[in-house]
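Listed below, chain by chain, are the residues.
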Amino acid sequence: MAQRLARIHGTEEDKVNCPFYFKIGACRHGDRCSRIHHRPAFSQTILIKNIYRNPIREAELKALATGNDTSMIGGVGMGSSAPATCIRVDEHKAQEDFLVFFEDMYEELAKFGKIECLCVCDNLGDHMIGHVYVKFEDEEEAADALNVMNGRHYDGRKMEVEFSPVTDFREARCRDFDEETCGRGGFCNFMHIKPVPMCLIGSLQEDCDYERMKEEEERRRERDREHRRKKRKHRDRDRGSGSGGGGGGGSSSKKRHRDRRSYSSSRSRSRSRDRSRSRSLSSGGRSPSPARSPGKP
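Residues numbered from 1 in each chain as written. Predicted model: local features only at pLDDT ≥ 70, side-chain atom pairs only at ≥ 80, totals over all residues. Heavy atoms only, no water.

Colleague: Describe in detail the pattern of salt bridges, supporting the description with residues and values.
Modeller: Within this structure, the stated rule accounts for 26 salt bridges. Among the salt bridges present, the one from Glu-60 reaches Arg-57, with a minimum N-O distance of 3.2 Å. Of this pair, Glu-60 and Arg-57 are both found in helix H3 (residues 55-66), three residues apart, which corresponds to roughly one turn of the helix. The network of salt bridges with shared partners includes Asp-31, Arg-39, Lys-49, Glu-160 and Glu-162. (Salt bridge = Lys/Arg side-chain N within 4 Å of Asp/Glu carboxyl O. Helix = DSSP H or I, 4+ residues; strand = E, 2+ residues; numbered from the N terminus.)

Colleague: How would you summarise a negative patch on the surface if you had to cite specific residues and measurements?
Modeller: On the surface, a cluster of negative charge is made up of Asp-104, Glu-107, Glu-206, Asp-207, Glu-211 and Glu-215. Taken together, the elements giving at least two residues each to the negative patch come down to helix H4 (91-109) and helix H8 (198-244). As for its position among the elements, Glu-206 is in helix H8. When its relative accessible area of 59% is taken as the criterion, Glu-206 is described as exposed. (Patch = residues over 30% accessible without salt bridge, like charges linked within 9 Å, V, L, I, M, F, W, Y side chains within 5 Å. Areas by Shrake-Rupley, 256 points an atom, 1.4 Å probe, with all protein chains shown as cover. Lys, Arg positive; Asp, Glu negative; His and termini not counted. Charge placed at Lys NZ, Arg CZ, Asp CG, Glu CD. Buried < 20%, exposed > 50% of the residue type's maximum accessible area, 1.4 Å probe, protein only.)

Colleague: Can you lay out unusual backbone geometry for me, pointing to particular residues and giving the numbers?
Modeller: Here Asn-50, not a glycine, exhibits a phi torsion of approximately 50 degrees, which is positive. Examined against the element boundaries, Asn-50 turns out to sit in the loop between strand S1 (45-48) and H3. Residue classification places Asn-50 among the partly exposed positions, given a relative accessible area of 33%. One non-glycine residue, Glu-180, lies in the positive phi region at around 60 degrees. Examined against the element boundaries, Glu-180 turns out to sit in the loop between helix H7 (175-178) and H8.

Colleague: Break down the sheet that holds strand S4 (residues 115-120) for me, with residues and values.
Modeller: Judged by pairing direction, the sheet is antiparallel, and its four strands sit side by side in the order S4-S5-S1-S8 without closing on themselves. This sheet does not close on itself; its edge strands, each paired only once, are S4 and strand S8 (161-164). Going across the sheet, the axis of each strand differs from the next one's by a mean of 20 degrees, ignoring polarity. Strand direction decides the pairing type here: S4 and strand S5 (residues 132-136), joined by five bridges, are antiparallel. Bridge pairing in S5 places Cys-119 opposite Tyr-133. Strands S1, S4 and S5 of the sheet are contacted by H4, whose axis makes an angle of about 145 degrees with S4. Along the sheet face, helix H5 (residues 139-149) touches S1, S5 and S8 and points at about 155 degrees away from the line of S8. (Pairing = 2+ DSSP bridges. Axes fitted to C-alpha atoms, helices over the stretch in contact; angles between N-to-C directions. Contact = heavy atoms within 4.5 Å.)

Colleague: Account for the side chain of Lys-194, naming residues and giving values.
Modeller: Within the fold, Lys-194 resides in the loop between H7 and H8. In contact with Lys-194, not counting residues within four places along its chain, are Tyr-52, Phe-98, Val-120 and Asp-122.

Colleague: Kindly report on the side chain of Ser-164, identifying the contributing residues and their values.
Modeller: Tracing the chain through its elements places Ser-164 in strand S8. Here Val-166 takes part through its backbone nitrogen, which lies 3.3 Å from a polar atom of the side chain of Ser-164. Beyond its immediate chain neighbours, meaning those up to four positions away, Ser-164 contacts Gly-25, Pro-40, Ser-43, Thr-45, Ile-46, Leu-47 and Tyr-133. (Polar contact = N/O pair within 3.5 Å; in protein donor to acceptor, adjacent residues only side chain to side chain.)

Colleague: Which residues make up the confidence of the model for the protein chain, and what are the values?
Modeller: The predicted model of the protein chain has a mean per-residue pLDDT of 79, with 70% of residues at 70 or higher. When pLDDT is averaged over each helix and strand of the protein chain, the minimum, 53, is found for helix H1 (residues 2-8) and the maximum, 97, for S5. With pLDDT under 50 throughout, residues 77-85 is counted as low confidence; its partners more than four residues away or in other chains account for 13 contacts. For residues 287-291, every residue scores under 50 in pLDDT, and the model assigns this stretch one contact once sequence neighbours within four places are set aside. (pLDDT = per-residue confidence, 0-100.)

Written out as structure tokens, the structure is:
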């Protein structure tokens, strides 16, 4: 029984756990889903919800604001079967905006650790639109990124970050979209991951690795400087306690210095008296005998 439950976990046969949430970290039914969404307490992958501005959705919102018809909007992400429309999306500008967004996300998130995969969804469904999945090399790096990035703002939008159960994007992505044959368009329930040039990913990875090496070297130098400061402070403290015998070392040394000076001055005065006495004996011969007290023989 246990082996069967483990085998069907996260599959269509599992009637308890939601397979879509297990595979892609999102479900079109949301909290109304009849199956359980197991939200992981830790993971290598974090999900930043609805942070990417999809150009088709932005065109729809702009058309609604101006009172135009939004039932037929074509352009990027719709495929060759998209109908001709009164509103077009500039594919060149949309691609440039996406690459700028990708660079910003990669450079900011790479500060927390090495990124194994960064995926931006091109889906239009409300449960997946604008989602960004980031898989780190280590779970602690993902936890650091979640703690720092959650609640921050980017392009006027507040980031909502959570751990995601997705670790294998081969099972989460739509293979038909990669082959440009997906008939569901942007409302497919599997990930339509926007393609990114490999040369750009390699360049960003090299730059981020170099920046991390520089930061690590600076932290190492700072630790070495702090260690030398502490060592010098302890050495000065030991030297002061050894010469002064504690807190009164300075006053004791001054007192010993004054004692040495008074002792040397007294010795010099004694030597001078001895020399003067010897000169008087040599010049006058025998020194006069001391006077005797009267009444004594």
